[in-house]
Amino acid sequence: MAVAIQHDPDRRETAATSQPLQVTCMRCGSAFIADTPLTRCPSCGGLLDATIDVTQTLTPASFVAAPGSLEAHSGVWRFHPLLPPIPADSVVSRAEGNTPLYWDQRLADYAGLVDGRFGVKHEGHNPTGSFKDRGMTVAVSHANAIGSR
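Now for a quick tour of the structure.

Parameters and conventions
- Residues numbered from 1 in each chain as written.
- Predicted model: local features only at pLDDT ≥ 70, side-chain atom pairs only at ≥ 80, totals over all residues.
- Heavy atoms only, no water.
- Helix = DSSP H or I, 4+ residues; strand = E, 2+ residues; numbered from the N terminus.
- Polar contact = N/O pair within 3.5 Å; in protein donor to acceptor, adjacent residues only side chain to side chain.
- Contact = heavy atoms within 4.5 Å.
- Pairing = 2+ DSSP bridges.
- Axes fitted to C-alpha atoms, helices over the stretch in contact; angles between N-to-C directions.
- Phe/Tyr/Trp six-rings, centres within 6.5 Å; stacked < 30°, edge-to-face > 60°.
- Buried < 20%, exposed > 50% of the residue type's maximum accessible area, 1.4 Å probe, protein only.
- Lys NZ or Arg CZ within 6 Å of the ring centre and 35° of its normal.

## So, the side chain of Ser141
Now for step 1: Looking at where Ser141 falls in the secondary structure, it is placed in helix α4 (residues 132–145).
Now for step 2: At 2.7 Å, the side chain of Ser141 and the backbone nitrogen of Val92 are in polar contact.
Now for step 3: Setting aside anything within four residues of it in sequence, one finds Ser141 in contact with Trp77, Ile86, Ser90, Val91 and Val92.

Below, the structure written as structure tokens:
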């Protein structure tokens, strides 16, 4: 099934962030503000990579979510400080990433972990049963923030 993406420039104004998402072409290095739908580099057709500020100072407290908040219900959005800047009113989420972690001593022993634990994440509990739900909540939310439909 094909999905048509339309752009609504008025949406961007209501969901503007103080620091818009920037993308950089992985081939030619050109940088762009991602405030309109971009799927390839306009200069060379190369793939685009989101530019995320990794110089910010974060502590464990940066990831503590208020009870009842979006961050408290999402295994993805609780890491909002490490994600592209997307306004909260643009986030589209189905609690992806809140999948169980199973600890398995047999795997820990097999891996040679001494006094260690081996956890396995059950991604089948995501809304579509795929690990891809984690990235798609960010992609769809960004599209929503810039007015795509």
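So that's the structure; there's more coming.
## A word on the sheet that holds strand β1 (residues 22–25)
Now for step 1: Spatial strand order, β2-β1-β3: 3 strands in an open sheet with antiparallel pairing. Either end of the sheet is taken by a strand with one partner, and the two such strands are β2 (31–33) and β3 (48–51). Strand-to-strand twist across the sheet, computed as the mean angle between neighbouring axes with direction ignored, equals 35°.
Now for step 2: Alignment of β1 against β2, held across 3 bridges, turns out to be antiparallel. Bridged to Val23 within β2 is Phe32.

## Notes on the packing of aromatic side chains
Now for step 1: Taken as a whole and judged by the stated rule, the model has 1 aromatic pair.
Now for step 2: Here the aromatic rings of Phe63 and Phe79 are separated by 5.5 Å at their centres, their planes lie at 50°, and the arrangement is tilted. Here Phe79 lies in the loop between α2 (70–73) and β4 (101–103) and Phe63 lies in the loop between β3 and α2, a separation of 16 residues in the sequence.
Now for step 3: Assessed through its relative accessible area of 24%, Phe63 is described here as partly exposed.
Now for step 4: Taking relative accessible area as the criterion, Phe79 reaches 32% and is therefore assigned partly exposed.
Now for step 5: When the ring centre of Trp103 is taken as reference, the NZ or CZ atom of Arg117 above it lies at 3.7 Å.

These figures capture arrangement, not role.
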